[in-house]
Amino acid sequence: MTIFDNRLTFCRLKDRTPEEVFGKLRTPCYVIDEAMLKYDGEIIKKISDRTGAKFLLAQKCFSNFNLYPVLEPYLAGTEASGLYEARLGKEEMGNKEVHTFCGAFREDEFDEVLEYSDHIVFNSVGQLKKFGPKTKAAGKSVGLRLNPECSTQIGHAIYDPCSPGSRLGVTIDRFEEMGEETIALLDGIHFHTLCQQNSDDLAKTVAALEDKFGKYLHNLKWINFGGGHHVTREDYDIELLIKTIEHVRDTYDVQVYLEPGEGVVLNAGYMVSRVLDVFDNHDTHIAMLDCSAACHMPDVIECPYLPPLYQADLPGYSYRIRLGGPTCLAGDNIGYYNFEKPLKENDLLVFGDMALYTTVKNNTFNGMPLPSIYVMHDDYSIELITEFGYNDFKYRLGKIN
């Protein structure tokens, strides 16, 4: 369940109506807010400046490379989940570090992964033994993902890499079986156990890591805390994060990395949509929108969560209505919201916090067009980044003559 701070989610719209800002745009569309990217970046930079920790952009969350120049001053580089993200980070984030972790690397792609990456993190002892010597010989930094077996998430097993039988990360028993020669390959270790969490859960995880792996951490060059840190959320305990970073940095004499995705782009994007139809089904008021949860913001269904909606669920609002998308999926529901008055056809709705896990996960199920992507600059001017058409749907399914 995502936690939103509504003071920040729509703060850029407080003196303007949605029609004034977005009314001329063809919907549905994504709008990335440049000013909020900078707001998040300044928070990250302050932490980095105080601790020496390096922050990476987890591209699995946000890969809109046209905005990388906005983020570049605040970050040390990018985190990739495989070949294409590694290449994107190398090509688009300037002369910055590229770190690549993959659950399992393909042998026929690995040389290219090596070409684009500075750090490569392996997920298993077998992959470390197979590719580690080659990585080291290429002058690249070698890492291994560890599983500290410390679950801090409640009710979301799909996002818990520490759950029993997890396929992510090496547990202490497997680590100690791999032998000194293999351990000597390591320049650093990586753990990623959090999802939209505060620094108290990070502190618990670090304690568990030290309890199990502490004696092996002194010979490393770096430790990567992974992602899931909601560092730019209003209630995030930044001082505890700083204390935790400094403890690890000073105890083990290592460079600390963090690779948040959401934390870099929190509250920095909108999904703009219009109402296509309004009707009742027994006691349920329903509005059909031109955006789809299933196609355009699939995490709404997968997590699941209720995205924040501008001018909805305010005190005293009592007109309850269910918002859904136009696809044939019965479960293509965004959720229930309370409004001041009934919605009507062509009303403009603005969902917040839509920079993350949207453009990187959207799809064309039912032949749904992909939404255009815009950037809103500091002065509220809006620029089209890219738009899509029929061929973007068709090319995924066969050869276009």
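Residues numbered from 1 in each chain as written. Predicted model: local features only at pLDDT ≥ 70, side-chain atom pairs only at ≥ 80, totals over all residues. Heavy atoms only, no water.

Student: Which parts of the structure should I look at to understand the nonpolar core?
Tutor: Buried together is how nonpolar side chains tend to be arranged in soluble globular proteins. Phe225, Leu323, Phe339 and Phe351 are the most contacted members of the largest nonpolar core, which totals 96 residues. Leave out the neighbours within four places in its chain, and Leu323 touches Ala287, Leu289, Leu309, Asn333, Ile334, Gly335, Tyr337, Phe339, Leu343, Leu349 and Phe351. Counting residues in hydrophobic clusters, the runner-up holds 14 residues, among them Leu13, Cys29, Tyr270 and Met376. (Core = buried A, V, L, I, M, F, W, Y, C linked by side-chain atoms within 4.5 Å. Buried < 20%, exposed > 50% of the residue type's maximum accessible area, 1.4 Å probe, protein only. Contact = heavy atoms within 4.5 Å.)

Student: What exactly am I supposed to notice about the packing of aromatic side chains here?
Tutor: Centre-to-centre distance and the angle between the planes together describe a pair of aromatic rings. Per the counting criterion, the structure on display carries 13 aromatic pairs. Seen from their ring centres, Phe191 and Phe225 are 5.4 Å apart, and the 35 degrees between their planes marks the pair as tilted. Taken together, the positions of Phe191 in the loop between strand S7 (188–190) and helix H10 (199–213) and Phe225 in the loop between strand S8 (222–224) and helix H11 (238–252) put the pair 34 residues apart, joining distant regions of the chain. A residue is classified by how much of its surface remains accessible, and Phe225, at 1% relative accessible area, is buried. (Phe/Tyr/Trp six-rings, centres within 6.5 Å; stacked < 30°, edge-to-face > 60°. Helix = DSSP H or I, 4+ residues; strand = E, 2+ residues; numbered from the N terminus.)

Student: I keep staring at the layout of surface pockets and nothing clicks. Help me out?
Tutor: Approximately 920 Å³ is the volume found for the largest pocket. Around the largest pocket, the lining comprises 41 residues; the ones closest to its centre are Lys60, Tyr159, Leu168, His192 and Tyr357. For the lining of the largest pocket, the elements supplying multiple residues, two or more each, are strand S3 (77–80), helix H12 (262–265) and helix H14 (299–302). Its boundaries defined by the atoms lining it, the second largest pocket holds a volume of some 510 Å³. Forming the boundary of the second largest pocket are 18 residues, of which Gln311, Lys341, Asp347, Leu348 and Leu349 lie nearest the centre. Looking at the lining of the second largest pocket, the elements with two or more residues in it are helix H2 (18–22) and strand S14 (348–352). If one sorts the elements of the lining of the second largest pocket by residue count, S14 sits on top with three residues. Here the lining of the second largest pocket is composed, by residue class, of nine nonpolar, three polar and six charged. (1 Å grid on protein atoms, 1.4 Å probe; cavity = no way out; pocket = protein on both sides within 12 Å on 5 of 7 lines; lining within 4 Å. Points joined across faces, edges and corners; volume = space filled by probe spheres on them. Nonpolar A, V, L, I, M, F, W, Y, C, P; charged D, E, K, R; others polar.)

Student: How should the pattern of salt bridges be read in this particular structure?
Tutor: Pairing is possible between side chains of opposite charge, provided their charged atoms come close. Within the structure shown, the criterion is met by 22 salt bridges. Among the salt bridges present, the one from Lys54 reaches Glu97, with a minimum N-O distance of 3.0 Å. On the criterion of sequence distance, the pair formed by Lys54 in strand S2 (residues 54–58) and Glu97 in strand S4 (residues 97–101) is long-range, its members being 43 residues apart. A relative accessible area of 17% means that Glu97 is categorised as buried. With a closest N to O distance of 3.8 Å, Arg106 and Glu109 form a salt bridge. Here the residues in one salt-bridge network are Arg106, Asp108 and Glu109, joined through shared partners. (Salt bridge = Lys/Arg side-chain N within 4 Å of Asp/Glu carboxyl O.)

Student: Can you help me understand the pairing of S14 in this one?
Tutor: For a regular strand, side chains alternate in direction, first toward one face of the sheet and then toward the other. Burial analysis of S14 places five of its five residues in the buried class, the great majority of the element. Residues Leu348, Val350 and Gly352 line one face of S14 and the alternating positions Leu349 and Phe351 line the opposite face, and both faces are buried. Here strand S10 (residues 269–281) pairs with S14 via five bridges, running antiparallel. Across the sheet, residue Tyr270 finds its bridge partner in S14, namely Gly352. (Pairing = 2+ DSSP bridges.)

Student: For this particular structure, what's the right way to read the environment of Phe213?
Tutor: Checked against the element boundaries, Phe213 lands in helix H10. Once residues within four sequence positions are removed from consideration, Phe213 is found in contact with Leu146, Asn147, Pro148, Val170, Thr171, Ile172 and Phe175.

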